[in-house]
Amino acid sequence: MRWVPLAREESKALLTTKGVWILAVALLLWTYRPMYIAWEQLNSDMTIGFIQYSSELLFPLAAVILGYRAIVAEQVSGSLKFILSLPLTRGEILLGKFVGRTIGIAIPCFLAFGIITVIGILQYGLFSPLRYLGVLVITLLYLAVLVSVVTSISTLVNRTATAAATLFIGLILIFEIAWEELVTVFYYLMTGIQVNRLDPPPEGGLFLLERLSPSGAYNTITNWILDAGNSASIHSQVLTEIQPGSTTNILAVETAFSPESVPLYLHESVGILILGLWGLVPLTIAYYSFNKGDLE
């Protein structure tokens with residue numbers, strides 16, 4: 001546990017910056033999103049859905065802005081040499097950076113969630129404590145996964161500008177903004193089948209592709225906990241899609257497959273595996289690169 005002091009210092013340094021508290025204010029302003037469809041279907045559990053809505057949209061941006069300098073800035077400034085001189089292995093340094101950044105971002109975020117939770121209870125009543133706890137745990141895991149990806153990229157590149165550009169293009173533009181459209185393009189290139197999202201074919205590969213992004217996996221798991229449908233989209237959109245007579249561009253398993261024809265790999269629990277791989281694979285690659293001594 002020699003890495004714990006480094007993680008503590010990393011989180012303290014982050015908590016003294018304005019960025020994390022601006023994030024907390026943004027979450028307060030963005031999280032409270034009462035919607036009729038959510039109230040109609042989830043009742044007081046709608047408050048739990050607020051957490052999913054804000055986390056899916058703001059956490060990737062926060063992780064990039066607050067984490068992209070984790071290793072590469074130390075390398076550019078030369079302070080990495082001092083850290084490497086400490087009685088810590090390179091793996092412990094990487095772990096300390098990762099854990100410290102995760103905690104430093106999580107504390108103000110969960111304080112904001114706490115305030116929104118109180119407002120939700122006062123407005124809409126008590127919700128399911130088990131569902132609430134489940135969503136909080138998965139949300140923390142989602143944040144840790146994002147910080148893992150960001151820290152890993154920060155370890156693998158040599159310039160802060162490269163880290164920022166790579167993460168904004170990859171994590172934000174591709175996986176957060178454009179992924180829904182890219183899924184249909186990728187599926188067409190792989191199968192030659194044109195997809196009309198208003199009437200999607202019951203093709204398991206298409207639905208699996210959409211939940212391969214970090215946010216897609218996160219939404220799939222939290223929708224499962226909320227009992228809001230089997231989909232990689234925001235719960236309010238999914239609840240709209242699965243209503244009788246409603247047609248949207250959301251890919252929901254319930255409206256494309258008969259219950260007996262749903263592939264096993266489209267079960268919502270597979271999202272936990274996908275999210276776990278997003279957290280472990282980049283960090284493992286970064287560890288082997290860092291441990292070889294490529295960074296000085």
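Residues numbered from 1 in each chain as written. Predicted model: local features only at pLDDT ≥ 70, side-chain atom pairs only at ≥ 80, totals over all residues. Heavy atoms only, no water.

## Thoughts on the overall build of the protein
Right, so step 1: Scanning the protein for helices and strands turns up 15 helices and zero strands.
Right, so step 2: At 20 Å, the protein has a C-alpha radius of gyration in line with the 19 Å of a compact globule built from 296 residues.
Right, so step 3: Dimensions of the protein, computed from the C-alpha atoms along their principal axes, are close to 65 × 50 × 30 Å.
Right, so step 4: With 296 residues in all, the protein has 52% of them scored as buried.
Right, so step 5: Expressed as a percentage of contacts within the protein between residues at least 6 apart in sequence, the contacts between residues at least 24 apart total 75%.
Right, so step 6: Carbon together with sulfur atoms contributes 67% to the accessible area of the protein, which is approximately 13500 Å² in total.
Right, so step 7: Separation between the mean location of the 15 positive side-chain charges and that of the 20 negative ones in the protein comes to 18 Å. (Helix = DSSP H or I, 4+ residues; strand = E, 2+ residues; numbered from the N terminus. Rg over C-alpha atoms; globule rule 2.2 N^0.38 Å. Buried < 20%, exposed > 50% of the residue type's maximum accessible area, 1.4 Å probe, protein only. Contact = heavy atoms within 4.5 Å. Areas by Shrake-Rupley, 256 points an atom, 1.4 Å probe, with all protein chains shown as cover. Lys, Arg positive; Asp, Glu negative; His and termini not counted. Charge placed at Lys NZ, Arg CZ, Asp CG, Glu CD.)

## What about helix H7 (residues 90–124)?
Right, so step 1: Compared with an ideal rise of 1.5 Å per residue, which puts 35 residues at 51 Å, H7 spans 49 Å between its outermost C-alpha atoms and is within 8% of the ideal.
Right, so step 2: Considering bend angle alone, the principal kink of H7 is centred on alanine 106 and spans about 25°; proline proline 108 follows within four residues of it.
Right, so step 3: Of the residues flanking the end of H7, it is glycine 125, one or two places downstream, whose phi is positive at about 95°. (Expected span 1.5 Å × (residues − 1). Bend = angle between axes of the 7 residues up to and from the residue.)

## Observations concerning the confidence of the model for the protein
Right, so step 1: Put simply, the protein has an average pLDDT of 92, and 99% of its residues get 70 or more.
Right, so step 2: Mean pLDDT per element in the protein: helix H6 (residues 80–84) is the minimum at 82, and helix H12 (residues 214–226) is the maximum at 97. (pLDDT = per-residue confidence, 0-100.)

## Focus: the packing of aromatic side chains
Right, so step 1: Following the criterion strictly, the structure yields 14 aromatic pairs and no others.
Right, so step 2: Considering the side-chain rings of phenylalanine 110 and phenylalanine 113, the 5.4 Å spacing of their centres and the 80° angle between planes classify their relative orientation as edge-to-face. One end of the pair is phenylalanine 110 and the other is phenylalanine 113, both in helix H7 and three residues apart, which spans about a single turn.
Right, so step 3: Classification of phenylalanine 110 by relative accessible area gives partly exposed; the value is 24%.
Right, so step 4: Geometrically, the ring pair formed by phenylalanine 207 and phenylalanine 257 is edge-to-face, given 5.2 Å between the ring centres and 70° between the ring planes. Of this pair, phenylalanine 207 sits in helix H11 (residues 204–210) while phenylalanine 257 is found in the loop between helix H14 (253–256) and helix H15 (270–291), placing the two residues 50 residues apart along the sequence. (Phe/Tyr/Trp six-rings, centres within 6.5 Å; stacked < 30°, edge-to-face > 60°.)

## Re the pattern of salt bridges
Pairing is possible between side chains of opposite charge, provided their charged atoms come close.
Right, so step 1: Inspection of the entire model under this criterion finds seven salt bridges.
Right, so step 2: Across the salt bridge formed by glutamate 92 and arginine 2, the nearest N and O atoms sit 2.9 Å from each other. In this pair, glutamate 92 is assigned in helix H7 and arginine 2 in the segment before helix H1 (4–15), connecting sequence segments 90 residues apart.
Right, so step 3: According to the relative accessible area criterion, glutamate 92 is buried, its value standing at 14%.
Right, so step 4: A single network of salt bridges, built from pairs that share partners, joins Glu10, Glu74, Lys97 and Arg101. (Salt bridge = Lys/Arg side-chain N within 4 Å of Asp/Glu carboxyl O.)

## Let's talk about the nonpolar core
Right, so step 1: Ranked by size, the top nonpolar core spans 58 residues in total, and within it Leu23, Leu27, Ile51, Phe59, Ile93 and Ile105 carry the most contacts.
Right, so step 2: Ignoring sequence-local partners within four residues, the contact set of isoleucine 105 consists of Leu14, Leu23, Ala62, Ala63, Leu66, Leu143 and Val147.
Right, so step 3: In terms of nonpolar packing, the next biggest core, distinct from the first, is built from 13 residues, Phe175, Phe207, Ala256 and Phe257 among them. (Core = buried A, V, L, I, M, F, W, Y, C linked by side-chain atoms within 4.5 Å.)

## Comments concerning the UniProt feature "transmembrane region" (unreviewed entry) in the protein
Right, so step 1: Under the UniProt annotation, the feature "transmembrane region" (unreviewed entry) is placed at residues 20–39, 59–84, 105–126, 132–153, 160–179 and 270–290.
Right, so step 2: For residues 105–126, the helix share is 91%, the strand share is 0%, and the end-to-end C-alpha distance is 27 Å.
Right, so step 3: Helix makes up 95% of residues 160–179 and strand 0%, and the two end C-alpha atoms of the span are 25 Å apart. (UniProt positions renumbered as here; feature names shortened; annotations may be inferred.)

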